[in-house]
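Structural features, examined
As a plain string of letters, each chain reads:
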Amino acid sequence: MVKIAYWLAGLTVLPRWGPGGNYYDYIVIGSGPGGGPLASNLARAGYSVLLVEAGNDQSSNVNSEIVSFFPFAYTDPTLRWDFFVRNFANNTKNLQHNQLIWRRPDGSFYAGRDPPAGSTCLGLYYPRGGTLGGSSAVNAMATMYPSESDWDPSHMREIFARIEKNHYLSAETPGHGFEGYLHTIMSNASSWEGQEDLMKVLGVASEYLGQKQQKILEHLIADPNALIPARDRTEGVFGLAVHADTRWRRFSSRDYVLKTANAVLPDGNKKYRLTVQLNTLATKLLFQDVGHPKKKPKAIGIEYLRGQSLYSADPRWKSSNKGTPGRAYARKEVILAGGTFNSPQLLKLSGIGPAPELARFKIKVVANLPGVGANLQDNYEVPIIGHAARDFQQPAPDLNAPTCNFGAPDDPCVDLWRQGIGPYTAGTTMNSIFRKSAYPAHDERDFFLVGGTFAIRGFWPSFDLRPLDPPKMFALSTVKINPQSRAGTVKLRSTDPRDTPEINFHLFEENDVGAELDLKAELDTVKWARRVFASVPPPLGPLTPVEPPCFETPAPDGSCDDDLDKEWITTQIFGHHPTSTCAIGADSDPLAVLDSKFRVRGVRGLRVVDASAFPRVPGPFPVLPTFMLSEKATESVLEDADRW
Ligand SMILES: Cc1cc2nc3c(=O)[nH]c(=O)nc-3n(C[C@H](O)[C@H](O)[C@H](O)COP(=O)(O)OP(=O)(O)OC[C@H]3O[C@@H](n4cnc5c(N)ncnc54)[C@H](O)[C@@H]3O)c2cc1C
């Protein structure tokens, strides 16, 4: 009886291995920094690879090309996917968030706590890239080598050096690479000309971190990814590298994929067998040997829907967009790289996940893995804002420069940029500040901050929803390194693969000891920032704390009202670096989804290679670690290539 049931299950998905079938050696789902490089590497190693991507190719969209257009990239409806998340289990707390997004009765968005009558609460806005290149095509491009304690340091440095194409250091610099595919660039001293006010405040911050204030310019152009002993315990101000080329054109995994897919031999034939199938939403993983008495189920292919904007996070989505169904088969392996929200969703829809949740949706269990969709974490962020005693002085305008209008039709600066000149080819004043709070989880720095006359308060589906600040505003926008609050979840909302999952970060839950530590560390950094603000000399300083608000003069240690500060933190906290929902873990870890070779436990021929695989969120920024993970996974997949 068992055998008959097994064969019936198998027959429904038997692959067509013969000529003319839709079959490949490998199928990779998702073209972000996890999937894109892996698919390209496997094709370069000689295998036939199908890369399916739900979005399309926007490589000539300037919003995704020009580094300084970042705010237009993540708000561009042709590039982005809109997720709306919750931070807390307690909905009263969710409703107190400052940046809550609502849908007004006329269909437009409202941001804030006091929506017009009849509005529907959507949650906190959490953008992702839904395009070729994934989120690396819309992100802020900060490129940061993580802490060595995040993984095996010796091999990972080697991997970084292998993939990097560094444009800002001399080619002898140890620990970096100059021949890889991942372009990195950093501003030089010219970006700081005329920025004396900004440098003054950053200089005060550097002094608090043990550096010499007088050398602030040197600090601001120092490499944050340098191979130096004790790097992860070294506090101070540094430069900030981004994934872009010398023209300040964004580099994303899209570029590597297209370079591989479009490469030709001298005879004009394709050099590599990489098929990139865009506008294709993978809806289910296909298995054979489900229920086999001796063998684990083997992933053999995927089902998909073909058509534009089929996923409901796509702002152009319509429920009438049904798409055309199809199937593709993998002779060797299927590799899932849909990102931290989508990979667990697709695993669950395919029968891999916590059995009780699958049962609720009547999904047949292929492998009971309780960790799928658990362990969600983030480098959550809170800006600490002050107002100076006068406006910040900006560099004197160049009267001969053309007037840029940020990509509007006939923007003269876009034409100049295409020629490799003009304002859009200049660097930025982005910087890195590393601090170790009084409550680090490990003996390492646990905060990244960027200081500037802009505040990173969160994200909005439309850029004009953001709060505006006066020219005397300065913010230290914080990013938590090594957060201990790890109770977040990605759960199915329905069995419709076009539906988004329910996402809750479950931050600072009661009795969560790690989360308590995080909150103490946040509070400690708020106080530190206030000490910096108070120490800025006149005429620019001292800066008055504005967010979190302090209605009296703060105490010399930066304290104001701890309860009020904590409340502010929880009403302002946001993130955009989700990881760890399909985490690698030891055999003894009940929440481990993957083994150390990215293989999904309980099945064969299936791996997950994206930011969901990290056991803990790596460093302050996940994109470089995800590119590196992809390279590492290439080694693991190729090691097994002859097995199938
Ligand atoms: C606005 C923003 C700013 C950011 N800034 C930074 C930063 O400055 N530095 C940094 O380090 N990180 C940053 N990040 C985060 C970083 O970009 C991500 O961590 C990284 O891209 C994750 O890579 P990934 O491969 O896991 O997933 P993604 O890059 O999200 O790629 C997943 C891809 O899979 C596709 N996909 C999903 N499901 C399916 C399916 N079922 N079928 C077919 N295709 C599917 C998606 O369309 C997408 O293209 C930012 C992210 C955003 C959104």
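Reading guide: rules and limits
- Residues numbered from 1 in each chain as written.
- Predicted model: local features only at pLDDT ≥ 70, side-chain atom pairs only at ≥ 80, totals over all residues.
- Heavy atoms only, no water.
- Pairing = 2+ DSSP bridges.
- Helix = DSSP H or I, 4+ residues; strand = E, 2+ residues; numbered from the N terminus.
- Axes fitted to C-alpha atoms, helices over the stretch in contact; angles between N-to-C directions.
- Buried < 20%, exposed > 50% of the residue type's maximum accessible area, 1.4 Å probe, protein only.
- Parallel < 35°, antiparallel > 145°, perpendicular 65-115°, else oblique.
- Left-handed = near helix turned anticlockwise from the far one by under 90°.
- Contact = heavy atoms within 4.5 Å.
- Nonpolar A, V, L, I, M, F, W, Y, C, P; charged D, E, K, R; others polar.
- Disulfide = S-S within 2.5 Å.
- pLDDT = per-residue confidence, 0-100.
- Core = buried A, V, L, I, M, F, W, Y, C linked by side-chain atoms within 4.5 Å.
- Salt bridge = Lys/Arg side-chain N within 4 Å of Asp/Glu carboxyl O.
- Phe/Tyr/Trp six-rings, centres within 6.5 Å; stacked < 30°, edge-to-face > 60°.
- Lys NZ or Arg CZ within 6 Å of the ring centre and 35° of its normal.
- Near = heavy atom within 4 Å.
- Areas by Shrake-Rupley, 256 points an atom, 1.4 Å probe, with all protein chains shown as cover.
- Domains from an automatic or database assignment.

1. Some points on the sheet that holds strand β4 (residues 100-103)
- Taking strand neighbours across the sheet as the criterion, the 4 strands line up as β3-β6-β4-β5 in an open arrangement whose pairing is antiparallel. Of all the strands in the sheet, the pair left with one neighbour each is β3 (80-85) and β5 (109-111). Pairwise comparison of adjacent strand axes, ignoring direction, gives a mean angle of 45° for this sheet.
- Bridge analysis of β3 against strand β6 (residues 120-129) gives 6 bridges, and the strand direction is antiparallel. Counted as the bridge partner of aspartate 82 is proline 127 from β6.

2. Quick look at the pairing of strand β17 (residues 432-435)
- With burial as the criterion, each face of β17 is covered, one bearing Ser432 and Phe434 and the other bearing Ile433 and Arg435.
- In terms of strand pairing, strand β9 (residues 236-238) meets β17 through 3 bridges, oriented antiparallel. When the bridges of β17 are listed, glycine 236 appears paired with phenylalanine 434.
- Pairing of β17 with strand β18 (residues 447-452) involves 3 bridges; the strand directions are antiparallel. If you follow phenylalanine 434 over to β18, its bridge partner there is phenylalanine 448.

3. Re the environment of valine 536
- Inspection of the secondary structure puts valine 536 in the loop between α13 (513-535) and β22 (544-547).
- Sequence separation between valine 536 and alanine 388 is 148 residues, and the spatial gap between their C-alpha atoms is 8.9 Å.

4. Description of the packing of helix α7 (residues 196-208) against α13
- Running from amino to carboxyl end, α7 crosses α13 at an angle of 125°, the nearest separation of the two axes being 9 Å. Classified by the interaxial angle, the pair formed by α7 and α13 is oblique. Pair α7 / α13 crosses with right-handed handedness. Every residue of α13 that contacts α7 at Val201, Val204, Ala205 and Tyr208 is listed here: Trp528, Arg531, Val532 and Ser535.
- A per-class count over the contact of α7 with α13 returns 6 nonpolar, 1 polar and 1 charged.

5. Topic: the sheet that holds β18
- What the 6 strands build is an open sheet, ordered β9-β17-β18-β19-β16-β22; its pairing is antiparallel. The sheet is open, and its two edges are formed by β9 and β22, each paired on a single side. The sheet shows a mean angle of 30° between the axes of neighbouring strands, taken without regard to direction.

6. Points about the state of the cysteines
- As enumerated under the stated definition, the model contains 2 disulfides in all.
- Disulfide pairing places cysteine 404 opposite cysteine 413 at an S-S distance of 2.1 Å. Between cysteine 404 and cysteine 413 the disulfide shows an S-S torsion of about -85°. By sign, it is left-handed.
- Cysteine 413 sits in the buried class, given a relative accessible area of 0%.
- Each sulfur in the disulfide pair cysteine 550 and cysteine 560 lies 2.0 Å from the other. Judged by the sign of its S-S torsion, about 95°, the bond between cysteine 550 and cysteine 560 is right-handed. Placement of cysteine 550 in the loop between β22 and α14 (562-572) and of cysteine 560 in the loop between β22 and α14 is noted, with a sequence separation of 10 residues between them.
- Regarding the disulfides, the chain carries the connectivity 1-2, 3-4 under sequence-order numbering of its bonded cysteines.

7. Details of the confidence of the model for the chain
- Predicted confidence across the chain gives a mean pLDDT of 94, with 97% of residues reaching 70 or more.
- Below pLDDT 50 for its whole length, residues 1-19 participates in 24 contacts with residues either more than four positions away or in separate chains.

8. Focus: helix α9 (residues 253-262)
- Most of α9 sits inside the fold, with 8 of its 10 residues counted as buried.
- Contact partners of the buried residues in α9: α2 (35-44), β2 (49-52), α3 (62-65), β10 (274-277) and α15 (623-639).

9. Focus on the nonpolar core
- Judged by nonpolar contacts, the single largest core of 71 residues is most densely connected at Ile29, Leu285, Ile302, Leu347, Ile352 and Leu606.
- By residue number, the principal contributor to this core is α15, which donates 7 residues.
- In contact with isoleucine 352, other than residues within four places in its own chain, are Phe287, Leu347, Leu358, Val366, Ala367, Leu369, Val372, Val600, Val603 and Leu606.
- Residues Tyr311, Leu376, Phe508 and Ile573 belong to the second largest nonpolar core, which totals 56 residues.

10. Things to note about the pattern of salt bridges
- By the definition in use, this model includes 30 salt bridges.
- Aspartate 25 serves as the salt-bridge partner of arginine 273, at 3.9 Å between the closest nitrogen and oxygen. One end of the pair, arginine 273, is in the loop between α9 and β10; the other, aspartate 25, is in strand β1 (residues 23-29), with 248 residues separating them in the sequence.
- Across the pair aspartate 289 and arginine 604 runs a salt bridge whose closest N-O atoms are separated by 2.8 Å. Highlighted residues: aspartate 289 in the loop between β11 (280-288) and β12 (298-306) and arginine 604 in the loop between α14 and β23 (606-608), separated in sequence by 315 residues.

11. What about the packing of α13 against α14?
- The contact between α13 and α14 brings their axes to 10 Å, and the two run at 110°. One finds that α13 runs roughly perpendicular with respect to α14. Here α13 contributes Leu519, Glu522, Leu523, Val526, Lys527 and Arg530 to the contact with α14, which in turn contributes Asp562, Asp565, Lys566 and Ile569.
- Here the residues of the contact of α13 with α14 sort into 4 nonpolar, no polar and 6 charged.

12. Examining the packing of aromatic side chains
- All chains considered together, the criterion is met by 30 aromatic pairs.
- Positioned above the aromatic ring of phenylalanine 434, the side-chain terminus of arginine 445 is 3.7 Å from the ring centre.

13. Regarding the site of the ligand
- Surveying the vicinity of the ligand reveals 40 residues, the closest of which are Glu53, Ser135, Ala282, Ala611 and Val623.
- In isolation the ligand offers 1000 Å² of accessible surface; the protein chains occlude 98% of this area.
- Among the secondary structure elements, those contributing two or more residues to the shell around the ligand are α4 (70-74), β6, β11 and α15.
- A breakdown of the residues in the shell around the ligand according to their chemical character gives 19 nonpolar, 18 polar and 3 charged.
- Each of domain 1 (2-62 + 253-377 + 579-643) and domain 2 (70-127) contributes no fewer than three residues to the shell around the ligand.

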